[in-house]
Amino acid sequence: MKSVLLNIILALIAAPLLPGIINRVKAVFAGRKGQPLLQLYYDLHKLLKKSAVFSSATTFFFWVGPLAGFAVLAGSLLVVPQAQGKSLVQFPGDIILFVYLFGVMRFFAVVSAMDTGSSFEGMGASREIQFAVFAEPALFVGLVTLARKTANLSLSGIYSSFSWHDGTILMLVSAAFFIIFLAENSRLPVDDPNTHLELTMIHEVMVLDHSGPDLAIIFYSASLKLWILGSLVVGAIIPMHTGNIIFDELIFLSGIAALSLAVGIVESCMARLKLLKVPQLLIAGFALAMLALIFQIM
Amino acid sequence: MFEFILSVSIIFTSGIIACLLNRHPGKASFIGAAGAVTGSTIGLIASIRIILNDITVYKKGICAFNIGTLSTGIDQLSAFFLIPLFILVAVSSVYGIQYLKPFYAKKTIGSFWLFFNLLAASMATLVIARNGVFFLVAWEIMSLSSYFLVTFEDEHKSVRQAGIIYLIANHIGVMFLFFMFAMMGKACGSMEFSDFSAASSAILPVSSALFIMATIGFGVKAGFVPFHFWLPQAHPAAPSPVSALMSAVMIKTGIYGLLRILIFIGPPHLWWGITLFGIGLISGIYGVLFALAQRDIKRLLAYCSVENIGIIAMGIGLGLIGLNKKLPVLALFGFAGSLLHVFNHALFKGLLFLGAGAVAQQTGTRNMEILGGIFKKMPATGITFLIGAAAISGLPPLNGFVSEFLIYFGSFKCITVSSLSVVVSSLLAITGLAFIGALAAACFTKVFSIVFLGSARSASAEKAAEPGKMMRAGMVFLAVLCVLTGISMPLIIPCFHGLLTEVSGLAFSEIDMFLSQAKTTFVFINKIYAVIAVVFTCAFLLRKKILAGKIVRTAPTWDCGYSHPSAKMQYTGSSFVQPITDFFNFILRAGKKTELSSDIFPKKISLRFESQDIFMRYIYEPLSEKIYSLIMKLRWIQHGRLQVYILYIVATLLVLIIWKLG
Amino acid sequence: MLINILITFLLITNIGAVASSRLTYCIKIVAAQGVVIGILPCIIYGEFALLPIVIAIFTITVKGIVFPLLLGWSLKTAQVAREVEPLVSYPFSIITAVLIFILSFWLGSRLSLPASFCGYLLVPVAFSTIMTGLFLIVSRVKALTQVLGYLIMENGIYAFGVALLREQPLLVELGVLLDMFVAVFVMGIAIFHISREFDHIDTHVLDNLSDRIPTDIRPTEET
């Protein structure tokens, strides 16, 4: 219980570090020195001190959206399995709630983007909602596979009962989850987090009009989302529980760090996919999860 | 029982009085609506009591008595369907008072209330009817009265056409129901429902035939694909309170009938479950995809009803599969999910239709593409519409989530069993629901943000204003119910005991186990909601504190340096969903016409996007043309001469006499 | 465990082959598949023996190195990089690949196979590889992709044979391999010539050779 609570606090504190790691990896690949690892903390601090500018077209959804998105993420943090595959709250069926909480977050993000009436943000929102159409079933198929494998219906129940013997299935599922992880967090083959002026961007363009504390919440939520979905991937890739809390904690944290490293490497080596190709990538993720399920059923 | 008779008679009589007061539209409206509200309140209280009492007494609350063949009765299933019915009747009649005001000068308001109350009364009657013939009579009155309501604005050609399509569709359905009841009556030797349930062994040999006819006959009313074609026609044509009532409650009478017949016809075959599940899945995906492609807000909602009926059918299908495979978990979660969705869909679809009606009336258009930015002018409508939109997308903590959750949960529970058909249907249910849910979210973020957010795209959106108090009251009431149902599941789910016993026929202990399981899960979910609410409040206060001393400026939306942005440059609904509709164009088969100018300085370019129902276009229209040309060949029978007609009558009589005596 | 991972990899290469439009990438995938297929007999055989190792080395050389090099060469001479307009779009190709896999599992479960079959997964996977190859041949336009489809199909047949390694003499496999070798040569030459004659390797052009006169090139009335 204590260790799980610690994990949640750790997630809340350390999540902004992940974008820092990713950016540092990218910088190293590009031969630059790069921003400091703690850059996002500085940004958040700066943004929180600032005031905000609102578009005259907006209503209160504009600023409720980011707040609600953050609150919902905090809720999903309660059920997501972290070190040792444990979570604070665990009940059969939390899988469904978990996925749907992300749906709520997306709903609010889209509504608050559309609130500005900007065609750029409309474009981003439209893409965000399109990718969910493919990502959500894929995520569910992955979870179904794991639920069948472990005969358990809660996320942490599933994640705490893996073993190395499930190799093939875990490999496929974690590959599928990694694809979903990249898409949901608007990382590179799907979305380029570096720019927001190009017409091809998704997440960054949706927050074009947000400023000050609202933008800080959005940045913070994005890094938290990276952490939460990252723990799903890490838990599936490293199904190892020594039983020793400190060891497991270290394994989990290094897993998360390694995942950020991997994201950085992917971002350095790959170009962004054409937008028309993104559904294809997500369907490939779906196919991987499906293969895992078929293996599991057979 | 007495309360229900009383309630139906109050609704019915007030309709007649309203019709007599045709000269005074205000009074007619008042009487009609007052009668509907009073009757509904009495009925609602009685039905809630029936449901609640069952929990404490563990005894079926049937109190049937006979008035000739007009036997009536009430049990859990009836009471459960009556609750949303009475709520919606009351709400939409209150809403209707205000909605009808602009029509006072040009329409006969009294007859509207006559048919409206007749529709309400006939729906309530058919739910408590316990005799095949009586049921069909009520069913027919319901169809006809709703036909007159659909064609309320009959000065428009499209409305008249929609009415005809609606009438034809309903009568095709009724034909199957006639056959079905005739077969049942023949097998059991009586048309009484009590005899149906007593003579289950007599029904057994023909049960599959009965199932097929019930699925088609009730499916037409419910709007299963491919019998859904009347919905997108009739709902936009009808006045909004009527479309709310029809979409929220009337199509559910199809589900009621189906469940009622399923109870009679005994243990289900596996293929029944699979068929219903398949129909549900197809309806769900088809409905939501076509909803996405619509511009007319009410047509969109109509397609969305097809989607939700699909979800309900999926739940029933899973329930039947579970019964057949002796998996009480699947059966109970399936049935409970679909029944709950019946109730929830009634709430949020009613709400959305009322909201859409308010928007359409205030702006004078149902075309979403020329609206926009009306949230600032109609905040109450906007908030309630948002709640409805989030609920229909199945988002927590609203009521749409809980019913889908139950279906998900049942499917997840059965993903571990060995039977391949169960695993496959569970998997399809989960992925299907996820897919439908994501598409529904796309569809309703589109509706809400295009209609309510941004800035006004036309003058008609500019002039919008909040509708009157009564219309707002109806919407707010339903929105509150949506939220309450979503978060008070731990209290509601135990009330399903008697209902599930009736529908599934399973043992008490299994149902008890199911209910306690569902209850603990919902308690956990509520705890998470509570945490989210607390975090939200804290974040909200923190933000307020941070911004407290600072000057918050207002500026135009950032236009990326373009100096003359106009409202028309906003993303439109069609462009919002274009990536999805393009991807699924192999189903939608939308016609897309682009006229591009090749000049260096293009003057006029146009893009036209038209999606037409594929069943209508490829099946029903060619079919009806064939039938029409065939029937035209028989026109010689209609001479228009009196003598010939009398000859027909005499000939018919003669033939009948010879047949009877010979 | 190891065999399961190899089989999984085989399946992923199948999906990769139908999902990608870049021909060089496709060739690499087929090469990778060839290597995986090559390793299979060693693992299936279970014990250390000369025969499977020889076969493995031979297969890997031919399928993992020689064929891809040949194909790469014809790609260069034909100057195509992408399969631009497949008859079945890529997302649906992926879904079809999964459906094929499901179907072949069903088929595999229906077959009554000798008990000594190593790795119960291998047979359905081999089936699905064969069918994926056929699907690729049917659904793609470029001649080169069709050759790739043919190779994938052959890999499937080979994998099926490997499953029977203990019962069947490997001569059959060697025969198949030889067939393949000739076939790839012929196709490579054919592609080279098609592209030289027609400036591209679109097989639509071959339609013109049929007896039926295509509508678009029907001789118009001379004025």
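Residues numbered from 1 in each chain as written. Chains lettered and ligands numbered in written order. Predicted model: local features only at pLDDT ≥ 70, side-chain atom pairs only at ≥ 80, totals over all residues. Heavy atoms only, no water.

1. Digging into helix H3 (residues 76-99) of chain B
This is how the line gets drawn: Numbered from the N terminus, helices here are DSSP runs of H or I no shorter than four residues, and strands are runs of E no shorter than two. To estimate how far a helix should reach, multiply one less than its number of residues by 1.5 Å. Using a 1.4 Å probe on the protein chains alone, a residue whose accessible area is under 20% of its type maximum counts as buried, one over 50% counts as exposed, and one in between counts as partly exposed.
With 24 residues, H3 of chain B extends 34 Å from end C-alpha to end C-alpha; this agrees with the ideal 34 Å at 1.5 Å per step. Extensive coverage of H3 of chain B is indicated by the burial of 23 of its 24 residues.

2. Points about a nonpolar patch on the surface
As a reminder of what qualifies: To count toward a patch, a residue needs a relative accessible area over 30% and no salt bridge; like charges are then connected within 9 Å, while nonpolar side chains (Val, Leu, Ile, Met, Phe, Trp, Tyr) are connected within 5 Å. The Shrake-Rupley method, run with a 1.4 Å probe, gives the accessible areas here. Residue values count only the displayed protein chains as cover. A pairing counts as a salt bridge when a side-chain nitrogen of Lys or Arg comes within 4 Å of a carboxyl oxygen of Asp or Glu.
There is a patch of nonpolar side chains on the surface, built from Ile164, Ile168, Ile172, Met175 and Phe179 of chain B and spanning about 470 Å² of accessible area. Relative to the helices and strands, Met175 of chain B is located in helix H6 (residues 157-188).

3. A few points about the state of the cysteines
So the rule is basically this: A pair of cysteine sulfur atoms is labelled a disulfide when the two atoms are within 2.5 Å.
According to the stated counting rule, one finds zero disulfides over all chains in the structure shown. A disulfide-free cysteine, Cys482 of chain B has its sulfur positioned 13 Å from the sulfur of Cys304 of chain B, the nearest such atom.

4. Focus: the pattern of salt bridges
Scanning all chains against the criterion turns up 14 salt bridges over all chains. Note that Asp75 of chain B and Arg130 of chain B form a salt bridge whose closest N and O atoms lie 3.2 Å from each other. Of this pair, Asp75 of chain B sits in the loop between helix H2 (25-57) and H3 while Arg130 of chain B sits in the loop between helix H4 (109-128) and helix H5 (132-150), and the two are 55 residues apart along the sequence. As far as burial versus exposure is concerned, Asp75 of chain B and Arg130 of chain B are alike and both buried. A salt bridge links Lys63 of chain C to Glu154 of chain C, with the nearest nitrogen and oxygen atoms 2.5 Å apart. One end of the pair, Lys63 of chain C, is in helix H3 (residues 50-78); the other, Glu154 of chain C, is in helix H6 (residues 143-163), and 91 residues separate them in sequence. One exposure class covers both Lys63 of chain C and Glu154 of chain C, and it is buried. In the salt-bridge network here, residues are joined through shared partners; they are Arg106, Glu136, Glu184 and Lys225 of chain A.

5. Regarding the environment of Pro25 of chain B
Residues and elements named next belong to chain B. The test is simple: Residue contacts are defined here by distance: any two heavy atoms, one from each residue, within 4.5 Å place the two residues in contact.
Tracing the backbone through its elements, the reader meets Pro25 in helix H2. What makes Pro25 buried here is its relative accessible area of 18%. Separated by 88 residues in the primary sequence, Pro25 and Trp113 have C-alpha atoms spaced 9.9 Å apart. Those residues in contact with Pro25 that sit more than four places away from it in its chain are Tyr104 and Ile109.

6. Comments concerning unusual backbone geometry
For the bond running from Val225 of chain B to Pro226 of chain B, omega is 10°, close enough to zero to count as cis. Among the structural elements, Pro226 of chain B can be located in the loop between helix H9 (207-222) and helix H10 (231-237). Between Pro396 of chain B and the following residue, Pro397 of chain B, the backbone shows a cis peptide bond with an omega angle of 5°. Along the chain, Pro397 of chain B falls in the loop between helix H15 (379-392) and helix H16 (399-413). The phi angle at Ala151 of chain A is positive, at roughly 50°, despite the residue not being glycine. As for its placement among the helices and strands, Ala151 of chain A is situated in the loop between helix H6 (119-150) and helix H7 (155-160). Given the relative accessible area of 59%, Ala151 of chain A is considered exposed.

7. A few points about the interface of chain B and chain A
Put simply, the rule reads: In short, buried area is how much 1.4 Å probe accessible area vanishes from two parts on joining, totalled over both. As used in this structure description, the phrase polar contact means that two N or O atoms lie within 3.5 Å; if the pair is within protein, one of them must be able to donate a hydrogen and the other to accept it, and residues adjacent in sequence are counted only when both atoms belong to side chains. Gly counts as polar in this scheme, as do all residues outside two lists: the nonpolar Ala, Val, Leu, Ile, Met, Phe, Trp, Tyr, Cys and Pro, and the charged Asp, Glu, Lys and Arg.
Taken together, the contacts link 72 residues of chain B with 77 residues of chain A. Of all residues in chain B, Phe412, Arg543 and Tyr571 of chain B give up the largest surface area on contact with chain A, accounting jointly for 11% of the area buried on that side. Counting every contact that joins chain B to chain A gives one salt bridge. Taking the shortest distance from any N to any O, the salt bridge between Arg543 of chain B and Asp214 of chain A comes out at 2.6 Å. Counting across the interface, chain B meets chain A through 16 residue pairs in polar contact (both at pLDDT 80 or more). Counting residues per element, the ones that place at least two in the side of chain B that touches chain A are H15, H16, helix H17 (420-452), helix H22 (508-548), strand E1 (553-555) and helix H23 (573-583) of chain B. Split by residue class, the side of chain B that touches chain A holds 52 nonpolar, 13 polar and seven charged.

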